[in-house]
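Topology and contacts: notes
The residues making up each chain are set out below.
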Amino acid sequence: DIQMTQSPSSLSASLGDRVTITCQASQDIYTNLNWYQQKPGKAPKLLIYDASNLETGVPSRFSGSGSGTEFTFTISSLQPEDIATYYCQQYDSLPPRYTFGQGTKLEIK
Amino acid sequence: QVPLQESGPGLVKPSQTLSLTCTVSGGSISSGAYFWSWIRHHPGKGLEWIGNIYDSGSTYYNPSLKSRVTISIDTSKNQFSLKMTSVTAADTAVYYCARGDFGEGYFDYWGQGTLVTVSS
């Protein structure tokens, strides 16, 4: 099974800061990597799919990059409403398998 | 928008069967371009994919749960369901139903989630 290592597990940043989260796959997953935001008591929300594609309606300060085994999620300028936990998620198609990273809890400094 | 809503008991006794249903609104569950999933979130831990079902009735399960899980679909009611047998306290979690995309493997619509506690 493919393992996903997400780091850091928690992050404290100031408003306006550039924030970066990384996700490493245990083997090549091409660009089969998605990113979600989850706020307390809410369901996860899809932000980025296929490593770098912004979901419709998601602010452009969110971005993703990477391929193979190394992936990066970036918030270009941290806003108060961005306080949440962020997860990466990889998928295999044959057979279908989905694995989430352990999450990064983002807080305001 | 494709609202999804989970329903089912919030408390299940150890060794019994957990049963949840997800009702899909705003579109047919038989669209063909999507699949339907169950995902859970253990308290203080990460997200765990449980399994998928397709409108054809085909299913795929997380290997770690496969022996205890059955997902079924009722296209006439626009619903799909989860059954998990022989539950233990380790199955206490918030359970989400979600819609998945065939091509990109993402989950774009989620239910609000329902907390299921396994306790006597």
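The notes below deal with the structure included here. (Residues numbered from 1 in each chain as written. Chains lettered and ligands numbered in written order. Predicted model: local features only at pLDDT ≥ 70, side-chain atom pairs only at ≥ 80, totals over all residues. Heavy atoms only, no water.)

1. Considering the sheet that holds strand β8 (residues 70-75) of chain A
Residue and element names in this part refer to chain A.
- Sheet architecture is open: four strands sit in the order β1-β3-β8-β7, paired in antiparallel fashion. Looking at strand neighbours, the two that pair on one side only are β1 (4-7) and β7 (62-67), the edges of this open sheet. With direction set aside, neighbouring strand axes in the sheet form an average angle of 15°.
- Across six bridges, strand β3 (residues 19-25) lies against β8 in antiparallel orientation. Its bridge partner lying in β8, C23 is registered against F71. (Pairing = 2+ DSSP bridges. Helix = DSSP H or I, 4+ residues; strand = E, 2+ residues; numbered from the N terminus. Axes fitted to C-alpha atoms, helices over the stretch in contact; angles between N-to-C directions.)

2. Examining the interface of chain B and chain A
- At the interface, 22 residues of chain B touch 19 residues of chain A.
- Overall, the association of chain B and chain A removes approximately 1700 Å² of surface from exposure, summing both partners, and the carbon and sulfur fraction of that is 62%.
- Inspection of the region where chain B meets chain A yields zero salt bridges.
- Looking at the side of chain B that touches chain A, the elements that each hand over two or more residues are β4 (34-41), β5 (47-53), β6 (59-61) and β10 (107-110) of chain B.
- For the side of chain B that touches chain A, the element with the most residues is β5 of chain B, which contributes four residues.
- Split into classes, the residues belonging to the side of chain B that touches chain A amount to 12 nonpolar, six polar and four charged. (Contact = heavy atoms within 4.5 Å. Buried area = accessible area lost by both parts, 1.4 Å probe. Salt bridge = Lys/Arg side-chain N within 4 Å of Asp/Glu carboxyl O. Nonpolar A, V, L, I, M, F, W, Y, C, P; charged D, E, K, R; others polar.)

3. Quick word on the sheet that holds strand β7 (residues 69-74) of chain B
Residue and element names in this part refer to chain B.
- Pairing within the open sheet is antiparallel, and its four strands lie in the order β1-β3-β8-β7. This sheet does not close on itself; its edge strands, each paired only once, are β1 (4-7) and β7. Direction aside, neighbouring strands of the sheet carry axes that sit 20° apart on average.

4. Here's the deal with the pattern of salt bridges
- As enumerated under the stated definition, the model contains six salt bridges over all chains in all.
- D82 of chain A is the partner of R61 of chain A in a salt bridge, and the nearest nitrogen-oxygen pair spans 2.7 Å. In this pair, R61 of chain A is assigned in the loop between β6 (53-54) and β7 and D82 of chain A in the loop between β8 and β9 (84-93), connecting sequence segments 21 residues apart. You'll find R61 of chain A and D82 of chain A in the same group, each marked buried.
- Close ionic contact of D91 of chain B with R40 of chain B constitutes a salt bridge, the shortest N to O distance being 2.9 Å. On the criterion of sequence distance, the pair formed by D91 of chain B in the loop between β8 (79-84) and β9 (93-101) and R40 of chain B in strand β4 is long-range, its members being 51 residues apart.
- When its relative accessible area of 2% is taken as the criterion, D91 of chain B is described as buried.
- One network of salt bridges, in which partners are shared, links R40, E48, R68 and D91 of chain B. (Buried < 20%, exposed > 50% of the residue type's maximum accessible area, 1.4 Å probe, protein only.)

By themselves, these observations are geometric and do not establish any function.
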